[in-house]
Amino acid sequence: MLGAAVEIRSAAYCYRVLVGSGLIKQLGKCVRKVLRGKRCAVVTDNIISPLFANRVQRSLTSAGFRPTLITIPAGEKSKTLKKAGAICEQMIAARLDRQSFVVGLGGGVIGDISGFVAAIYHRGIPHVQIPTTLLAMVDSSIGGKTGVNTADGKNLIGAVHQPSLVIDDLDVLKTLPRREFNQGFAEIIKHAIIADAKMFKQLQSWEASDALALQRLIKRNIKIKAAVVARDERDRTGERAILNFGHTVGHAIERAGNYRKFLHGEALSLGIVAACAVSSKKAGLPRRQHEAVIDLLQRFELPTCLPKNFPRNKIVSALKFDKKFEGGKIRFVVTPKIGRARVANDVTLDDIREAVDAL
Ligand SMILES: NC(=O)c1ccc[n+]([C@@H]2O[C@H](COP(=O)([O-])OP(=O)(O)OC[C@H]3O[C@@H](n4cnc5c(N)ncnc54)[C@H](O)[C@@H]3O)[C@@H](O)[C@H]2O)c1
Ligand SMILES: [Zn+2]
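Residues numbered from 1 in each chain as written. Chains lettered and ligands numbered in written order. Predicted model: local features only at pLDDT ≥ 70, side-chain atom pairs only at ≥ 80, totals over all residues. Heavy atoms only, no water.

J.: Explain the site of ligand 1 here, please?
T.: For ligand 1, the set of nearby residues contains 27 residues, the closest of which are Asp45, Glu76, Thr132, Thr133 and Thr175. A distance of 3.0 Å separates an oxygen atom of ligand 1 from a polar side-chain atom of Gln183. Within the side chain of Lys225, a nitrogen or oxygen atom sits 3.4 Å from an oxygen atom of ligand 1. Protein chains bury 90% of the 870 Å² of accessible surface belonging to ligand 1 in isolation. Among the secondary structure elements, those contributing two or more residues to the shell around ligand 1 are α2 (49-62), α4 (108-120), α5 (134-140), β8 (153-160) and α6 (178-195). Here the residues of the shell around ligand 1 are counted per class, giving ten nonpolar, eight polar and nine charged. (Near = heavy atom within 4 Å. Polar contact = N/O pair within 3.5 Å; in protein donor to acceptor, adjacent residues only side chain to side chain. Areas by Shrake-Rupley, 256 points an atom, 1.4 Å probe, with all protein chains shown as cover. Helix = DSSP H or I, 4+ residues; strand = E, 2+ residues; numbered from the N terminus. Nonpolar A, V, L, I, M, F, W, Y, C, P; charged D, E, K, R; others polar.)

Shown next as C-alpha coordinates:
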(Lines give C-alpha, C1' and ligand atoms only; values in the text may rest on other atoms or scores of the structure.)
(Ligands and ions follow the chains in the order given, each with its own letter.)
Protein backbone atom coordinates (compact mmCIF):
# COMPACT_ATOMS: atom_id res chain seq x y z
CA MET A 1 0.00 0.00 0.00
CA LEU A 2 1.30 3.42 -0.87
CA GLY A 3 0.75 6.30 1.46
CA ALA A 4 0.50 10.02 1.14
CA ALA A 5 3.05 12.55 -0.05
CA VAL A 6 3.96 15.87 1.46
CA GLU A 7 5.63 18.33 -0.87
CA ILE A 8 8.16 20.57 0.81
CA ARG A 9 8.87 23.70 -1.08
CA SER A 10 10.66 26.99 -0.62
CA ALA A 11 12.34 29.39 -3.02
CA ALA A 12 15.58 27.43 -2.62
CA TYR A 13 14.51 23.76 -2.67
CA CYS A 14 11.70 21.32 -3.30
CA TYR A 15 11.42 17.69 -2.27
CA ARG A 16 8.79 15.12 -1.40
CA VAL A 17 8.26 13.14 1.77
CA LEU A 18 6.35 9.91 1.22
CA VAL A 19 4.56 8.55 4.28
CA GLY A 20 2.92 5.13 4.31
CA SER A 21 3.48 1.41 4.66
CA GLY A 22 5.31 -0.89 2.25
CA LEU A 23 7.29 2.00 0.82
CA ILE A 24 10.78 0.44 0.96
CA LYS A 25 9.69 -1.96 -1.77
CA GLN A 26 8.93 1.03 -3.98
CA LEU A 27 12.14 2.86 -3.04
CA GLY A 28 14.06 2.23 -6.27
CA LYS A 29 11.16 3.42 -8.42
CA CYS A 30 10.62 6.50 -6.27
CA VAL A 31 14.31 7.44 -6.37
CA ARG A 32 14.39 6.89 -10.14
CA LYS A 33 11.81 9.66 -10.53
CA VAL A 34 14.08 12.25 -8.91
CA LEU A 35 17.69 11.09 -9.42
CA ARG A 36 19.69 10.01 -12.45
CA GLY A 37 23.02 8.68 -11.11
CA LYS A 38 23.78 4.95 -10.98
CA ARG A 39 26.01 4.39 -7.98
CA CYS A 40 24.92 5.16 -4.46
CA ALA A 41 25.99 4.55 -0.86
CA VAL A 42 23.50 3.16 1.63
CA VAL A 43 24.72 4.38 5.01
CA THR A 44 23.25 2.58 8.00
CA ASP A 45 24.11 1.23 11.46
CA ASN A 46 24.77 -2.29 12.67
CA ILE A 47 21.34 -2.65 14.32
CA ILE A 48 19.33 -1.47 11.32
CA SER A 49 21.46 -3.19 8.68
CA PRO A 50 20.28 -6.78 9.37
CA LEU A 51 16.66 -5.57 9.60
CA PHE A 52 16.23 -3.52 6.42
CA ALA A 53 19.43 -3.18 4.35
CA ASN A 54 18.67 -6.18 2.11
CA ARG A 55 15.24 -4.86 1.19
CA VAL A 56 16.66 -1.42 0.48
CA GLN A 57 19.47 -2.74 -1.69
CA ARG A 58 17.15 -5.08 -3.58
CA SER A 59 14.74 -2.30 -4.38
CA LEU A 60 17.53 0.01 -5.54
CA THR A 61 19.19 -2.71 -7.64
CA SER A 62 15.95 -3.66 -9.35
CA ALA A 63 15.53 -0.05 -10.43
CA GLY A 64 18.99 -0.09 -12.02
CA PHE A 65 21.06 1.49 -9.21
CA ARG A 66 24.34 0.08 -7.88
CA PRO A 67 24.28 0.45 -4.10
CA THR A 68 27.29 0.05 -1.79
CA LEU A 69 26.37 -0.74 1.80
CA ILE A 70 28.31 1.17 4.47
CA THR A 71 27.58 0.16 8.05
CA ILE A 72 28.76 2.05 11.13
CA PRO A 73 28.27 1.16 14.82
CA ALA A 74 24.88 2.28 16.19
CA GLY A 75 24.68 5.24 18.53
CA GLU A 76 25.64 8.86 19.04
CA LYS A 77 29.33 7.99 19.48
CA SER A 78 29.52 7.28 15.74
CA LYS A 79 28.52 10.84 14.83
CA THR A 80 32.09 12.10 14.42
CA LEU A 81 34.20 13.80 11.79
CA LYS A 82 36.44 10.74 11.78
CA LYS A 83 33.55 8.42 10.90
CA ALA A 84 32.32 10.88 8.26
CA GLY A 85 35.82 10.80 6.73
CA ALA A 86 35.89 7.00 6.81
CA ILE A 87 32.52 6.85 5.03
CA CYS A 88 33.85 9.23 2.35
CA GLU A 89 36.90 6.97 1.87
CA GLN A 90 34.63 3.97 1.37
CA MET A 91 32.62 5.93 -1.17
CA ILE A 92 35.79 6.84 -3.06
CA ALA A 93 36.84 3.18 -3.03
CA ALA A 94 33.41 2.24 -4.44
CA ARG A 95 33.96 4.84 -7.18
CA LEU A 96 31.04 7.07 -6.34
CA ASP A 97 31.20 10.28 -8.34
CA ARG A 98 29.37 13.57 -8.66
CA GLN A 99 26.32 11.89 -10.16
CA SER A 100 26.09 9.45 -7.24
CA PHE A 101 23.96 9.88 -4.15
CA VAL A 102 23.77 8.87 -0.51
CA VAL A 103 20.89 7.01 1.10
CA GLY A 104 20.68 7.41 4.88
CA LEU A 105 18.89 4.39 6.36
CA GLY A 106 18.40 4.86 10.09
CA GLY A 107 17.54 7.18 12.94
CA GLY A 108 18.70 10.73 13.49
CA VAL A 109 22.33 9.72 13.96
CA ILE A 110 22.47 8.13 10.51
CA GLY A 111 20.40 10.94 9.00
CA ASP A 112 22.80 13.56 10.36
CA ILE A 113 26.08 11.87 9.42
CA SER A 114 24.92 10.56 6.03
CA GLY A 115 23.52 14.00 5.20
CA PHE A 116 26.80 15.60 6.21
CA VAL A 117 28.72 13.18 3.99
CA ALA A 118 26.34 13.96 1.11
CA ALA A 119 26.92 17.68 1.73
CA ILE A 120 30.72 17.43 1.48
CA TYR A 121 31.35 14.57 -0.96
CA HIS A 122 32.38 16.14 -4.28
CA ARG A 123 31.16 19.40 -2.69
CA GLY A 124 27.65 18.04 -2.39
CA ILE A 125 25.70 15.15 -3.89
CA PRO A 126 22.01 14.30 -3.37
CA HIS A 127 20.77 12.79 -0.11
CA VAL A 128 17.86 10.40 0.23
CA GLN A 129 16.58 9.83 3.73
CA ILE A 130 14.88 6.68 4.97
CA PRO A 131 14.25 7.54 8.62
CA THR A 132 13.66 4.46 10.78
CA THR A 133 12.78 6.11 14.10
CA LEU A 134 9.69 8.16 14.88
CA LEU A 135 11.96 11.01 15.98
CA ALA A 136 13.76 10.99 12.65
CA MET A 137 10.47 10.91 10.70
CA VAL A 138 8.87 13.86 12.47
CA ASP A 139 11.99 15.89 13.07
CA SER A 140 15.58 15.18 12.03
CA SER A 141 14.91 14.07 8.42
CA ILE A 142 13.18 17.39 7.69
CA GLY A 143 14.91 20.73 7.46
CA GLY A 144 18.32 19.89 6.03
CA LYS A 145 20.43 20.25 9.16
CA THR A 146 23.25 17.71 8.97
CA GLY A 147 26.39 17.33 11.02
CA VAL A 148 28.61 15.59 13.52
CA ASN A 149 29.67 16.08 17.14
CA THR A 150 33.02 17.06 18.60
CA ALA A 151 34.43 16.39 22.05
CA ASP A 152 33.15 19.84 23.07
CA GLY A 153 29.59 19.50 22.03
CA LYS A 154 26.87 18.17 19.80
CA ASN A 155 26.38 19.20 16.19
CA LEU A 156 29.17 21.79 16.26
CA ILE A 157 30.30 20.86 12.75
CA GLY A 158 27.79 20.58 9.96
CA ALA A 159 26.09 21.86 6.88
CA VAL A 160 22.61 22.72 5.72
CA HIS A 161 21.89 20.24 2.93
CA GLN A 162 18.27 19.54 2.01
CA PRO A 163 17.37 15.96 1.02
CA SER A 164 16.13 15.12 -2.48
CA LEU A 165 13.58 12.63 -1.19
CA VAL A 166 12.42 11.32 2.20
CA ILE A 167 10.70 7.97 2.57
CA ASP A 168 8.84 7.25 5.80
CA ASP A 169 7.90 3.58 5.67
CA LEU A 170 5.73 3.08 8.75
CA ASP A 171 6.43 -0.68 8.74
CA VAL A 172 9.98 -0.06 9.98
CA LEU A 173 8.61 1.31 13.24
CA LYS A 174 7.43 -2.18 14.23
CA THR A 175 10.93 -3.17 15.34
CA LEU A 176 11.65 0.10 17.13
CA PRO A 177 11.98 -0.41 20.92
CA ARG A 178 9.12 1.18 22.88
CA ARG A 179 11.40 3.65 24.66
CA GLU A 180 12.78 4.84 21.29
CA PHE A 181 9.25 5.10 19.90
CA ASN A 182 8.02 7.14 22.85
CA GLN A 183 10.88 9.61 22.68
CA GLY A 184 9.61 10.66 19.24
CA PHE A 185 6.51 11.96 20.97
CA ALA A 186 8.58 14.54 22.84
CA GLU A 187 9.28 16.30 19.52
CA ILE A 188 5.64 15.84 18.46
CA ILE A 189 4.39 17.39 21.72
CA LYS A 190 6.93 20.19 21.22
CA HIS A 191 5.45 20.86 17.77
CA ALA A 192 1.95 20.90 19.26
CA ILE A 193 2.96 23.38 21.95
CA ILE A 194 4.68 25.79 19.58
CA ALA A 195 2.32 25.59 16.62
CA ASP A 196 -0.80 23.44 16.88
CA ALA A 197 -3.26 23.57 19.78
CA LYS A 198 -5.62 21.24 17.91
CA MET A 199 -2.95 18.54 17.62
CA PHE A 200 -2.27 18.96 21.34
CA LYS A 201 -5.94 18.12 22.00
CA GLN A 202 -5.84 15.12 19.70
CA LEU A 203 -2.77 13.79 21.49
CA GLN A 204 -4.63 13.99 24.80
CA SER A 205 -6.88 11.16 23.57
CA TRP A 206 -4.32 9.31 21.45
CA GLU A 207 -4.98 5.63 20.61
CA ALA A 208 -1.70 3.82 20.03
CA SER A 209 -3.20 1.15 17.75
CA ASP A 210 -4.56 3.46 15.05
CA ALA A 211 -2.16 3.19 12.07
CA LEU A 212 -3.96 5.73 9.93
CA ALA A 213 -3.90 8.24 12.78
CA LEU A 214 -0.13 7.71 13.10
CA GLN A 215 0.33 8.35 9.39
CA ARG A 216 -1.69 11.58 9.67
CA LEU A 217 0.19 12.63 12.77
CA ILE A 218 3.57 12.14 11.08
CA LYS A 219 2.42 14.13 8.05
CA ARG A 220 1.14 16.96 10.24
CA ASN A 221 4.46 17.15 12.09
CA ILE A 222 6.45 17.19 8.87
CA LYS A 223 4.34 20.12 7.69
CA ILE A 224 4.80 22.04 10.93
CA LYS A 225 8.57 21.66 10.89
CA ALA A 226 8.86 22.33 7.14
CA ALA A 227 6.81 25.52 7.43
CA VAL A 228 9.07 26.92 10.14
CA VAL A 229 12.22 25.91 8.25
CA ALA A 230 10.97 27.47 4.99
CA ARG A 231 10.74 30.83 6.76
CA ASP A 232 14.30 30.64 8.12
CA GLU A 233 16.31 27.80 6.53
CA ARG A 234 19.68 28.83 7.94
CA ASP A 235 18.55 29.73 11.42
CA ARG A 236 19.35 33.40 10.91
CA THR A 237 16.19 35.41 11.55
CA GLY A 238 15.17 33.73 14.80
CA GLU A 239 12.06 32.07 13.34
CA ARG A 240 13.64 28.61 13.18
CA ALA A 241 14.69 29.08 16.79
CA ILE A 242 11.16 28.30 18.01
CA LEU A 243 11.87 24.67 17.10
CA ASN A 244 14.35 24.78 19.96
CA PHE A 245 11.54 25.02 22.49
CA GLY A 246 12.55 22.83 25.45
CA HIS A 247 16.00 22.21 24.00
CA THR A 248 18.07 24.70 25.99
CA VAL A 249 17.51 22.77 29.21
CA GLY A 250 17.03 19.47 27.34
CA HIS A 251 20.49 19.59 25.78
CA ALA A 252 22.03 20.60 29.11
CA ILE A 253 20.39 17.58 30.77
CA GLU A 254 21.68 15.26 28.03
CA ARG A 255 25.16 16.64 28.53
CA ALA A 256 24.97 16.49 32.34
CA GLY A 257 23.95 12.83 32.04
CA ASN A 258 26.95 12.19 29.75
CA TYR A 259 24.51 11.34 26.93
CA ARG A 260 23.84 8.01 28.66
CA LYS A 261 21.20 8.67 31.27
CA PHE A 262 18.48 10.03 28.97
CA LEU A 263 17.58 9.62 25.32
CA HIS A 264 17.31 12.93 23.45
CA GLY A 265 13.51 12.91 23.56
CA GLU A 266 13.51 12.11 27.27
CA ALA A 267 15.86 14.98 28.05
CA LEU A 268 13.68 17.16 25.82
CA SER A 269 10.61 16.13 27.81
CA LEU A 270 12.29 17.47 30.96
CA GLY A 271 13.40 20.56 29.03
CA ILE A 272 9.80 21.16 27.94
CA VAL A 273 8.63 21.03 31.56
CA ALA A 274 11.33 23.56 32.49
CA ALA A 275 10.49 25.79 29.50
CA CYS A 276 6.82 25.75 30.59
CA ALA A 277 7.84 26.83 34.09
CA VAL A 278 9.83 29.72 32.62
CA SER A 279 6.89 30.50 30.33
CA SER A 280 4.51 30.65 33.32
CA LYS A 281 6.79 33.14 34.98
CA LYS A 282 7.79 35.25 31.98
CA ALA A 283 5.15 34.82 29.29
CA GLY A 284 1.90 34.27 31.19
CA LEU A 285 1.39 30.59 30.35
CA PRO A 286 -1.71 29.61 32.35
CA ARG A 287 -1.10 27.11 35.15
CA ARG A 288 -3.73 24.69 33.75
CA GLN A 289 -1.89 24.52 30.43
CA HIS A 290 1.44 23.93 32.15
CA GLU A 291 -0.17 20.99 33.98
CA ALA A 292 -1.77 19.70 30.77
CA VAL A 293 1.69 19.57 29.16
CA ILE A 294 3.05 17.50 32.04
CA ASP A 295 0.07 15.11 31.83
CA LEU A 296 0.53 14.69 28.10
CA LEU A 297 4.26 13.92 28.38
CA GLN A 298 3.47 11.33 31.05
CA ARG A 299 0.86 9.74 28.79
CA PHE A 300 3.73 8.84 26.47
CA GLU A 301 5.85 7.53 29.36
CA LEU A 302 8.22 10.47 29.13
CA PRO A 303 10.01 11.75 32.26
CA THR A 304 8.74 14.98 33.82
CA CYS A 305 10.96 15.13 36.88
CA LEU A 306 14.62 14.40 37.49
CA PRO A 307 15.83 11.47 39.60
CA LYS A 308 16.70 12.66 43.15
CA ASN A 309 20.44 12.03 42.81
CA PHE A 310 20.82 13.66 39.37
CA PRO A 311 23.61 16.30 39.42
CA ARG A 312 21.49 19.46 38.89
CA ASN A 313 24.50 21.77 39.20
CA LYS A 314 25.97 20.05 36.13
CA ILE A 315 22.88 21.05 34.15
CA VAL A 316 23.41 24.73 34.86
CA SER A 317 27.11 24.59 33.95
CA ALA A 318 26.25 22.64 30.78
CA LEU A 319 23.89 25.47 29.76
CA LYS A 320 26.88 27.60 28.95
CA PHE A 321 27.87 25.30 26.08
CA ASP A 322 24.63 26.05 24.32
CA LYS A 323 24.92 27.61 20.88
CA LYS A 324 21.94 29.79 21.78
CA PHE A 325 24.06 31.74 24.24
CA GLU A 326 25.24 34.47 21.99
CA GLY A 327 27.31 37.26 23.48
CA GLY A 328 26.29 36.19 27.00
CA LYS A 329 22.60 36.61 26.18
CA ILE A 330 20.12 33.77 26.22
CA ARG A 331 17.69 33.25 23.37
CA PHE A 332 15.10 31.28 25.29
CA VAL A 333 11.92 30.06 23.63
CA VAL A 334 8.73 30.55 25.64
CA THR A 335 5.10 29.70 25.04
CA PRO A 336 2.45 32.23 26.15
CA LYS A 337 -0.27 29.64 25.38
CA ILE A 338 -0.39 26.18 23.83
CA GLY A 339 -0.09 26.54 20.06
CA ARG A 340 2.17 29.61 20.16
CA ALA A 341 5.85 30.30 20.81
CA ARG A 342 8.28 33.16 20.63
CA VAL A 343 11.88 33.91 21.48
CA ALA A 344 12.20 35.90 24.71
CA ASN A 345 15.18 38.07 25.48
CA ASP A 346 14.39 38.75 29.13
CA VAL A 347 14.97 35.25 30.49
CA THR A 348 17.91 35.12 32.89
CA LEU A 349 20.14 32.27 33.95
CA ASP A 350 18.46 32.52 37.37
CA ASP A 351 15.03 31.95 35.81
CA ILE A 352 16.36 28.82 34.16
CA ARG A 353 18.08 27.66 37.34
CA GLU A 354 14.83 28.04 39.23
CA ALA A 355 13.00 25.95 36.62
CA VAL A 356 15.70 23.26 36.74
CA ASP A 357 15.54 23.16 40.55
CA ALA A 358 11.81 22.55 40.33
CA LEU A 359 12.26 19.50 38.09
N1 LIG B 1 19.17 17.24 11.98
C2 LIG B 1 18.23 17.59 12.80
O3 LIG B 1 17.48 18.54 12.54
C4 LIG B 1 18.03 16.82 14.07
C5 LIG B 1 16.89 17.02 14.83
C6 LIG B 1 16.71 16.23 15.96
C7 LIG B 1 17.66 15.28 16.31
N8 LIG B 1 18.77 15.13 15.54
C9 LIG B 1 19.79 14.13 15.89
O10 LIG B 1 19.17 12.85 15.87
C11 LIG B 1 19.88 11.96 16.71
C12 LIG B 1 18.90 11.14 17.49
O13 LIG B 1 18.16 10.38 16.60
P14 LIG B 1 17.40 9.05 17.04
O15 LIG B 1 16.68 9.27 18.29
O16 LIG B 1 16.63 8.61 15.85
O17 LIG B 1 18.60 8.08 17.42
P18 LIG B 1 19.47 6.94 16.69
O19 LIG B 1 19.70 7.23 15.28
O20 LIG B 1 20.64 6.72 17.56
O21 LIG B 1 18.52 5.67 16.80
C22 LIG B 1 18.19 5.16 18.05
C23 LIG B 1 18.49 3.67 18.18
O24 LIG B 1 17.45 2.92 17.58
C25 LIG B 1 17.98 1.99 16.65
N26 LIG B 1 16.98 1.90 15.58
C27 LIG B 1 16.69 2.87 14.67
N28 LIG B 1 15.66 2.50 13.93
C29 LIG B 1 15.28 1.27 14.35
C30 LIG B 1 14.24 0.38 13.97
N31 LIG B 1 13.36 0.71 13.03
N32 LIG B 1 14.13 -0.79 14.62
C33 LIG B 1 15.00 -1.10 15.62
N34 LIG B 1 15.98 -0.30 16.04
C35 LIG B 1 16.11 0.89 15.41
C36 LIG B 1 19.29 2.56 16.23
O37 LIG B 1 20.16 1.55 15.76
C38 LIG B 1 19.78 3.20 17.51
O39 LIG B 1 20.38 2.25 18.32
C40 LIG B 1 20.80 12.83 17.53
O41 LIG B 1 22.12 12.68 17.07
C42 LIG B 1 20.31 14.25 17.28
O43 LIG B 1 21.34 15.21 17.37
C44 LIG B 1 18.96 15.88 14.44
ZN1 LIG C 1 15.17 17.62 19.45
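J.: I'm lost on the coordination of the zinc ion (ligand 2) in this one. Help?
T.: Six octahedral donors around a metal ideally sit at 90 or 180 degrees from one another, while four tetrahedral donors ideally sit at 109.5 degrees. Note on the zinc ion (ligand 2): its protein donors are Glu187 (OE), His247 (NE2) and His264 (NE2). The metal-donor distances range over 1.9 to 2.1 Å. For the zinc ion (ligand 2), all donor residues lie on one chain, and their spacing in sequence is E-x59-H-x16-H. With His247 in helix α9 (residues 247-256) and His264 in helix α10 (residues 264-282), this pair connects stretches of sequence that are 17 residues apart. Its relative accessible area of 6% is what places His247 among the buried residues. (Donors = N, O, S within 2.8 Å, 3.2 Å for Na, K, Ca; no water. Buried < 20%, exposed > 50% of the residue type's maximum accessible area, 1.4 Å probe, protein only.)

J.: Just to check I follow, could you spell out helix α11 (residues 287-299) for this structure?
T.: Counting along an α-helix, one turn takes 3.6 residues, and residues three or four places apart therefore face a common direction. Between its first and last C-alpha atoms α11 spans 19 Å; for 13 residues at 1.5 Å apiece the expected length is 18 Å, and the two agree. If you follow the buried residues of α11, they end up packed against α6, α7 (197-204) and α10. Two residues or fewer after α11 comes Glu301, characterised by a positive phi angle close to 55 degrees. (Expected span 1.5 Å × (residues − 1). Contact = heavy atoms within 4.5 Å.)

J.: Mind showing me how you'd approach the pairing of strand β2 (residues 14-20) here?
T.: Consecutive side chains along a regular strand alternate between the two faces of the sheet. Taking burial as the measure, the seven residues of β2 include five buried ones, the bulk of the element. In the sheet, strand β1 (residues 4-9) pairs with β2 via six bridges, with the strands oriented antiparallel. Bridge pairing in β2 places Val6 opposite Val17. Counted along the chain from β1 to the antiparallel partner β2, the turn is four residues long. In this structure, β2 lies alongside strand β9 (residues 165-169), joined through five bridges in parallel fashion. In the sheet register, Gly20 faces β9, and the bridge partner there is Asp169. (Pairing = 2+ DSSP bridges.)

J.: Help me understand a positive patch on the surface, please; the structure alone is not making it clear to me.
T.: The grouping of Arg32, Lys38, Arg66 and Arg95 at the surface amounts to a positive patch. Relative to the helices and strands, Arg32 resides in helix α1 (residues 27-34). (Patch = residues over 30% accessible without salt bridge, like charges linked within 9 Å, V, L, I, M, F, W, Y side chains within 5 Å. Salt bridge = Lys/Arg side-chain N within 4 Å of Asp/Glu carboxyl O. Lys, Arg positive; Asp, Glu negative; His and termini not counted. Charge placed at Lys NZ, Arg CZ, Asp CG, Glu CD.)

J.: Would you take a moment to explain the sheet that holds β9 for this structure?
T.: Whenever strands of a sheet pair, they do so through backbone hydrogen bonds, lying parallel or antiparallel. Taken together, the seven strands give an open sheet; going across it, the order is β1-β2-β9-β6-β5-β3-β4, and neighbouring strands pair in mixed fashion. The sheet is open, and its two edges are formed by β1 and β4 (66-72), each paired on a single side. The sheet shows a mean angle of 15 degrees between the axes of neighbouring strands, direction not considered. For strand β3 (residues 39-45) and β4, the ladder comprises seven bridges, and the chain directions are parallel. Looking at β4, one finds that Val42 is bridged to Leu69. Across the face of the sheet, α2 comes into contact with β3, β4, β5 (101-106) and β6 (127-131) while running at roughly 165 degrees to β4. (Axes fitted to C-alpha atoms, helices over the stretch in contact; angles between N-to-C directions.)

J.: Help me understand the environment of Asn244, please; the structure alone is not making it clear to me.
T.: With respect to the helices and strands, Asn244 occurs in the loop between α8 (211-231) and α9. Judged by relative accessible area, Asn244 falls into the buried class, the value being 19%. Measuring from C-alpha to C-alpha, the distance between Asn244 and Val56 comes to 33 Å, with 188 residues separating the pair along the chain.

J.: It is not clear to me how the nonpolar core should be interpreted in this structure. Could you clarify?
T.: Among soluble globular proteins, nonpolar side chains are generally buried collectively. Within the largest apolar cluster, 99 residues are counted, with the highest numbers of intra-cluster contacts made by Leu203, Ile218 and Ile253. What Ile218 contacts, discounting residues up to four positions off in sequence, is Val19, Leu134, Met137, Val138, Asp168, Leu170 and Leu173. By size, the runner-up hydrophobic cluster in this structure holds 19 residues, among which are Val43, Cys88, Met91 and Tyr121. (Core = buried A, V, L, I, M, F, W, Y, C linked by side-chain atoms within 4.5 Å.)

J.: Would you explain the pairing of β9 in this entry?
T.: Extensive coverage of β9 is indicated by the burial of five of its five residues. Along β9, one buried face is formed by Leu165, Ile167 and Asp169 and the opposite face, lined by Val166 and Asp168, is buried too. Where β6 lies against β9, two bridges are found, and the strand directions are parallel. Directly across from Val128, in β9, lies its bridge partner Leu165.

J.: Could you clarify how one ought to interpret the packing of α9 against α10 in this entry?
T.: Running from N to C, α9 and α10 cross one another at 135 degrees; their axes reach a closest spacing of 7 Å. As far as their axial angle goes, α10 and α9 are oblique. Considering the relative orientation of α9 and α10, their crossing is right-handed. Contact residues: α9 offers His247, Val249, Gly250, His251, Ile253 and Glu254, while α10 offers His264, Ala267, Leu268, Leu270, Gly271 and Ala274. Within the contact of α9 with α10, the residues separate by chemical class into six nonpolar, five polar and one charged. (Parallel < 35°, antiparallel > 145°, perpendicular 65-115°, else oblique. Left-handed = near helix turned anticlockwise from the far one by under 90°.)

Read these as layout, nothing more, since geometry by itself doesn't imply function.
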